[in-house]
Amino acid sequence: MPAWRITGRAAELAQLDAAIGAGGTGGMVLAGTAGTGKTRLLREALHRAKQSGRDVVQVAATRCTAAIPFGAVSGLLSPGAPAGGPPWELLRLAAEHLARPAAQPPLVVGADDVHLLDRESAALLHHLVLHGVVFLVAAVRAGEPAPDAVVALWKDGLAGRLTVHPLPAAAMDDLLVQALGPAVQDGARQHIHWVTRGSPLLLRELLAGALEEGALVRQDSGWGWKDQPYYGPTLVEVVNGWLAALGDGSRTALEVVACAEPLPAELLNQLADGGALDPAAVETAERRGVISSGYSGSRQVMRPGHPIYGEVIRATLPRGKAQRIASWLAGTGAGAPRSAATPVLPAVDGLPLTRREHEIALLATSGLTSKAIAASLNLSVRTVNNHLARTYAKAGISSRAELAAIMTRTALTGSPAPAAGLPAPSGGLTGRPPGLPAEGAA
Ligand SMILES: Nc1ncnc2c1ncn2[C@@H]1O[C@H](COP(=O)(O)OP(=O)(O)O)[C@@H](O)[C@H]1O
Ligand SMILES: [Mg+2]
């Protein structure tokens, strides 16, 4: 997929142009969550600085350079600096080497992923800003621990801080048009908005994997899912990378929530009280935003902190783990057979679905085949298909793609659950206007 034209960052670029163009020293730190487009914004700002005639040097920290003193910033060190000399001497020589004559504007240094800087590299960048040698534009992943010298940049007011928010819906639409052209089915568009939540990285990986697999196809009515959303291996890898730092206990809490989303908060508490989940790990998962609480009607419910977590986990959860989680949930009553008095939870687009129908519908729209669903729930394929058929009949639909659209809409609107037996207004696909993804919470 060719690189996309940059979109949705006019305000940020104007701010950076002004800060760099003022011609002083200091800096600007671009902070945002993984995949929001920090690197792209940084590169664009540096490119514009270069175009306007400024001297620009770029450095980037990685997990590899993190282990080597001055590993990330070797390009900034003075060529004549004595190898193995004292670090402060290297700082002094680098500052001398990089300083511009008073009549010229300072060198612009772009530094990516500064949360991964080794201590010495961070100290050098801090030194260069503190002593008024360069203008630094640095990108940092929000919420990650960073070296003290990096934190000091904005804490001590040496550099400004610009938050890189998820892209607005209009910009995500623009990227969709760049990738697929204007003809995209509403259901697919809504689903993609919901699951990528303003992350160009997720959009890119989602589209690349789905196009390669032939899961996203051009139909008469525009691009849409052939049968169900598909999440390719590189997308799964990206998401698992984000979740890699989670301990096993927190990961399990997320898996439970993903399997039963939206999971009433009291059931999650019950699982923690009953020993199935570690209470401290549940708390950590919530604190880190991996799971989050909200309301479905008046009921407090838990959902994955990002829709993609739920989607990827449901699509990739090993069978044994899924079974274990299903039995825990059954133990809380969540999976118990419904009696006439039990409210049906949760409702899908206002449709009174049984918990089992909802569970199967969620798994079906997350990419599992009937066979895989049957295996993970310990049911026959025929039973799974019967549940799906009943759901289709209730919704007045005939395909998994339509089901996905409804499930997406439900996740977006958090429709309240009607009581069992009460006929709910069934809007099918035309009932309620689809919502747009929540911004800013990635
Ligand atoms: N505003 C944007 N317009 C177009 N493409 C973008 C934009 N922001 C990011 N991208 C693309 O999305 C992908 C991920 O962005 P990146 O800058 O690497 O994210 P981050 O550094 O925050 O993890 C890259 O392919 C990048 O080119
Ligand atoms: Mg980056």
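Residues numbered from 1 in each chain as written. Chains lettered and ligands numbered in written order. Predicted model: local features only at pLDDT ≥ 70, side-chain atom pairs only at ≥ 80, totals over all residues.

Enquirer: Would you mind showing me how to read the overall build of the chain here?
Expert: When helices and strands are counted, the chain shows 18 helices and 10 strands. Expressed as a percentage of the 442 residues in the chain, the buried residues total 43%. Restricting to contacts in the chain with at least 6 residues of sequence separation, those with at least 24 account for 76%. (Helix = DSSP H or I, 4+ residues; strand = E, 2+ residues; numbered from the N terminus. Buried ≥ 20, exposed ≤ 12 C-beta atoms within 10 Å, placed from the backbone. Contact = placed C-beta atoms within 7 Å.)

Enquirer: Which parts of the structure should I look at to understand the pairing of strand S6 (residues 216–219)?
Expert: The side chains of a regular strand alternate, first on one face of the sheet and then on the other. The sheet contact formed by S6 and strand S7 (residues 222–225) spans 4 bridges and is antiparallel. Considered in S7, the bridge of Arg218 is made with Trp223. What sits between S6 and S7 in their antiparallel hairpin is a turn of 2 residues. (Pairing = 2+ DSSP bridges.)

Enquirer: Would you mind going over the nonpolar core with me for this structure?
Expert: Generally speaking, nonpolar side chains in soluble globular proteins are found buried as a group. One finds Leu206, Ala253, Leu254, Val256, Val257, Leu263 and Tyr309 to be the most contacted residues of the largest nonpolar core, which totals 64 residues. When residues of this core are assigned to their parent elements, the largest contribution, 7 residues, is made by helix H10 (residues 248–260). When near neighbours in sequence (up to four residues on either side) are disregarded, Leu254 contacts Ala285, Val290, Ile291, Pro304, Tyr309 and Ile313. (Core = buried A, V, L, I, M, F, W, Y, C linked by C-beta atoms within 7 Å.)

Enquirer: I would appreciate a short explanation of helix H4 (residues 119–130) in the present structure.
Expert: Think of an α-helix as 3.6 residues a turn; residues three or four steps apart then line up on the same face. Compared with an ideal rise of 1.5 Å per residue, which puts 12 residues at 16 Å, H4 spans 16 Å between its outermost C-alpha atoms and is within 8% of the ideal. Regarding H4, the residues found buried are Ser121, Ala122, Ala123, Leu124, Leu125, His126, Leu128 and Val129. Elements in contact with the buried residues of H4: strand S1 (26–32), helix H3 (87–98), strand S3 (107–112), strand S4 (134–141) and helix H5 (148–155). Downstream of H4 by a residue or two, Gly132 has a phi angle that is positive, lying close to 65 degrees. (Expected span 1.5 Å × (residues − 1).)

Enquirer: Help me out: how do you make sense of the site of ligand 1 in this one?
Expert: The immediate surroundings of ligand 1 are formed by 19 residues, with Gly37, Lys38, Thr39, Arg40 and Pro200 found nearest. Where the shell around ligand 1 is concerned, the elements lending two or more residues are helix H2 (38–51) and helix H8 (200–213). Of the residues belonging to the shell around ligand 1, the class tally is 8 nonpolar, 7 polar and 4 charged. Taken domain by domain, the makeup of the shell around ligand 1 includes at least three residues from each of domain 1 (10–163) and domain 2 (169–226). (Near = placed C-beta within 6 Å. Nonpolar A, V, L, I, M, F, W, Y, C, P; charged D, E, K, R; others polar. Domains from an automatic or database assignment.)

Enquirer: Teacher, can you tell me more about unusual backbone geometry here?
Expert: It is generally the case that most residues other than glycine have a negative phi and that most peptide bonds are trans. The peptide bond linking Glu261 to Pro262 adopts the cis configuration, its omega dihedral lying at -10 degrees. Checked against the element boundaries, Pro262 lands in the loop between H10 and strand S8 (263–264). Phi is positive for Phe70, which is not a glycine, with a value near 60 degrees. Topologically, Phe70 is positioned in the loop between strand S2 (56–60) and H3. Phe70 sits in the buried class, given 22 other C-beta atoms within 10 Å. Even without glycine at this site, Asp113 takes up a positive phi of about 55 degrees.

Enquirer: Help me understand helix H13 (residues 307–316) in this model?
Expert: Within H13, 8 of the 10 residues are buried, which leaves the element mostly enclosed by the surrounding structure. Buried within H13 are the following residues: Pro307, Ile308, Tyr309, Gly310, Glu311, Val312, Ile313 and Arg314.

Enquirer: Before we go on, may I ask you to explain the sheet that holds strand S5 (residues 160–163) in this structure?
Expert: What holds strands together in a sheet is hydrogen bonding between their backbones, with the strands either parallel or antiparallel. Spatially, S2-S3-S4-S1-S5 is the arrangement adopted by the 5 strands of the open sheet, whose pairing is parallel. Looking at the sheet topology across the chains shown, the edges are occupied by S2 and S5. With direction set aside, neighbouring strand axes in the sheet form an average angle of 15 degrees. (Axes fitted to C-alpha atoms, helices over the stretch in contact; angles between N-to-C directions.)

Enquirer: So what exactly am I meant to see when it comes to the sheet that holds S8 here?
Expert: Spatially, S8-S10-S9 is the arrangement adopted by the 3 strands of the open sheet, whose pairing is antiparallel. Unpaired on one side and paired on the other, S8 and strand S9 (291–296) mark the two borders of the sheet.

Enquirer: Whenever I open this one, the packing of H4 against H5 confuses me. Can you help?
Expert: Think of two packed helices as two axes; the pair is described by the angle between the axes and how far apart they sit. Direction vectors running N to C along H4 and H5 enclose 30 degrees, while the axes themselves pass 8 Å from each other. Considering the angle they form, H4 stands roughly parallel to H5. Between H4 and H5, the contacting residues are Ala122, Ala123, His126 and Val129 on the first element and Ala149, Val150, Ala152 and Leu153 on the second. Here the contact of H4 with H5 is composed, by residue class, of 7 nonpolar, 1 polar and no charged. (Parallel < 35°, antiparallel > 145°, perpendicular 65-115°, else oblique.)

Enquirer: It is not clear to me how the pairing of S9 should be interpreted in this structure. Could you clarify?
Expert: As paired strands, S9 and strand S10 (residues 299–304) are joined by 6 bridges and run antiparallel to one another. Looking at the pairing, Ile291 lines up with Pro304 of S10. Linking S9 back to S10 in an antiparallel pair, the connection comprises 2 residues, with Gly297 at a positive phi of about 65 degrees.

Enquirer: Help me understand the packing of helix H7 (residues 186–196) against H8, please; the structure alone is not making it clear to me.
Expert: Where H7 meets H8, the axes come as close as 9 Å, and the angle between the chain directions of the two elements is 130 degrees. Our classification of the angle between H7 and H8 gives oblique. Along this stretch, H7 crosses H8, giving a crossing that reads as right-handed. Facing H7, whose interface residues are Ile192, Val195 and Thr196, H8 presents Leu202, Leu203 and Leu206. Across the contact of H7 with H8, the residue classes tally to 5 nonpolar, 1 polar and no charged. (Left-handed = near helix turned anticlockwise from the far one by under 90°.)

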